[in-house]
Amino acid sequence: MNGKQAAGYLAADWVKDGMTVGLGTGSTAYWAIERLGQRVAEGLLIQAIATSSASEELARKYHIPMIEAAQVDRLDLAIDGADEVDHELQLIKGGGGALLREKLVALQADHFIVVADDSKKVDQLGVFKLPIEIVPFSYEWTLRKLRSLYPADFQLRQQDTNQLYVTDNGNYIVDAAFGRIEDAALLAQELDHVTGVVEHGLFIDITQTLVLGFADGHTEVIEKK
Ligand SMILES: O=C(CO)[C@H](O)[C@H](O)COP(=O)(O)O
């Protein structure tokens with residue numbers, strides 16, 4: 001068992017009968033979904049909402065009962081991966097392009113658990129390029145605005161050489177190389193106010209629990225102070 005699997009499997013233990021669960025996206029959330037699928041096969045009664053079409057497909061493969069967001073007001077729990085996590089459990093997410101739905105789901109959950117292998121733990125956020133989801137209409141203006149605000153490299157994410165990456169919500173993603181981000185909360189607030197930006201991958205004060213997995217299969221659980 002590698003670190004991602006160890007973290008994903010352990011996080012699935014938080015899920016109890018009757019819960020509505022948010023399912024994250026990526027190669028670590030994958031293991032949590034697989035483990036939940038096993039538990040559903042053993043009789044666990046839950047319903048779930050997925051943060052991407054890929055996770056929805058995976059959950060359906062494991063016969064996890066899926067519902068639409070409109071059917072519930074709150075989620076009991078959401079489990080998702082991260083691209084970076086710092087000591088205060090602030091995150092960069094969106095490497096897999098699902099940041100908007102991931103943030104919507106995380107904010108609606110009473111308990112948000114992040115699953116990651118130990119390579120994701122950093123002293124300061126920002127080495128991983130920050131994904132920023134922008135609307136396609138006038139995206140060049142939004143890109144120009146971002147470039148005028150910050151001395152960072154902003155690159156539109158490509159699907160392949162001829163095609164821009166398009167999210168499940170029909171938007172584009174800009175990957176921003178900030179380097180070390182001195183004040184992630186401030187940057188998050190500023191990006192919230194850039195017209196054309198739909199959402200960004202800074203998850204500030206959302207995570208309650210971090211489940212870290214290590215290469216030898218052991219895990220560490222860190223609760224938000
Ligand atoms: O934010 C995400 C997708 O939008 C993922 O959670 C993040 O990229 C981590 O992925 P992985 O577990 O594959 O390393």
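Residues numbered from 1 in each chain as written. Predicted model: local features only at pLDDT ≥ 70, side-chain atom pairs only at ≥ 80, totals over all residues. Heavy atoms only, no water.

### Focus on the pairing of strand β2 (residues 47-50)
- The sheet contact formed by strand β1 (residues 20-23) and β2 spans four bridges and is parallel. By the bridge assignment, Leu23 is partnered in β2 with Ala50.
- Where the polypeptide runs from β1 across helix α2 (residues 29-41) and back to β2, its parallel neighbour, the crossover connection is right-handed. (Pairing = 2+ DSSP bridges. Helix = DSSP H or I, 4+ residues; strand = E, 2+ residues; numbered from the N terminus. Right-handed = clockwise from strand over helix to strand, strands pointing away.)

### Considerations on the packing of aromatic side chains
- Going through the model one piece at a time under the given rule, you end up with seven aromatic pairs.
- The interplanar angle of 85 degrees and the centroid separation of 5.1 Å between the aromatic rings of Tyr139 and Tyr172 together place this pair among those described as edge-to-face. Taken together, the residues span a long stretch of sequence, with Tyr139 in helix α5 (residues 139-149) and Tyr172 in strand β11 (residues 172-177) at a distance of 33 residues.
- Residue classification places Tyr172 among the buried positions, given a relative accessible area of 16%.
- On the numbers, 5.5 Å between centres and 80 degrees between planes, the contact of Tyr150 with Phe178 is edge-to-face. Of this pair, Tyr150 sits in the loop between α5 and β8 (153-156) while Phe178 sits in the loop between β11 and α6 (184-192), placing them 28 residues apart in sequence.
- Through a chain of ring-to-ring contacts, three or more aromatic side chains come together here, namely Tyr9, Tyr30 and Trp31.
- Arg157 extends its terminal NZ or CZ atom over the ring of Tyr165, reaching a point 5.3 Å from the ring centre. (Phe/Tyr/Trp six-rings, centres within 6.5 Å; stacked < 30°, edge-to-face > 60°. Buried < 20%, exposed > 50% of the residue type's maximum accessible area, 1.4 Å probe, protein only. Lys NZ or Arg CZ within 6 Å of the ring centre and 35° of its normal.)

### Considerations on the sheet that holds β8
- The strand order across the open sheet built from four strands is β8-β11-β7-β12, with neighbouring strands paired in antiparallel fashion. A single partner strand is all that each edge strand has here, and the edge strands are β8 and β12 (197-200). The mean inter-strand angle of the sheet, taken between neighbouring strand axes irrespective of direction, is 30 degrees.
- Contacts from α5 reach β7 (130-134), β8, β11 and β12, with the element oriented near 165 degrees to β8.
- α6 contacts β7 and β12 of the sheet and is inclined by roughly 160 degrees relative to β12. (Axes fitted to C-alpha atoms, helices over the stretch in contact; angles between N-to-C directions. Contact = heavy atoms within 4.5 Å.)

### Structural notes on the confidence of the model for the chain
- Of all residues in the chain, 100% have pLDDT values of 70 or greater, and the mean over the chain is 97.
- The complex prediction reports pTM at 0.96, with the ipTM value standing at 0.98. (pLDDT = per-residue confidence, 0-100.)

### Some points on the UniProt feature "active site" (unreviewed entry) in the chain
- Sequence positions flagged by UniProt for "active site" (unreviewed entry) are, in local numbering, Glu102.
- Note on placement: Glu102 falls in helix α4 (residues 99-108).
- Accessibility expressed as a relative area gives 3% for Glu102, which makes it buried. (UniProt positions renumbered as here; feature names shortened; annotations may be inferred.)

### Here's the deal with the sheet that holds strand β4 (residues 84-85)
- Across the sheet, three strands lie side by side as β4-β5-β13; this open sheet has antiparallel pairing. Each having just a single partner strand, β4 and β13 (202-203) make up the two edges of the open sheet.
- Relative to strand β5 (residues 91-92), β4 runs antiparallel, the two sharing two bridges. Note on β5: the bridge partner recorded for Val85 is Leu91.

### Focus: the domain arrangement of the chain
- When cut into domains, the chain gives domain 1 (3-121 + 204-216) and domain 2 (130-200).
- Computed from C-alpha coordinates alone, the two centres of domain 1 and domain 2 are separated by 24 Å.
- Taken together, the 13 residues of domain 1 in the interface contact 16 residues of domain 2.
- For the domain 1 face of the interface with domain 2, the top three residues by lost area are Leu99, Leu100 and Lys103, together amounting to 42%.
- The interface formed by domain 1 and domain 2 holds one salt bridge in total.
- The interface formed by domain 1 and domain 2 contains eight residue pairs in polar contact (both at pLDDT 80 or more).
- Ranked by the residues each element gives to the side of domain 1 that touches domain 2, the list is headed by α4, at four residues.
- A per-class count over the side of domain 1 that touches domain 2 returns four nonpolar, six polar and three charged. (Domains from an automatic or database assignment. Buried area = accessible area lost by both parts, 1.4 Å probe. Salt bridge = Lys/Arg side-chain N within 4 Å of Asp/Glu carboxyl O. Polar contact = N/O pair within 3.5 Å; in protein donor to acceptor, adjacent residues only side chain to side chain. Nonpolar A, V, L, I, M, F, W, Y, C, P; charged D, E, K, R; others polar.)

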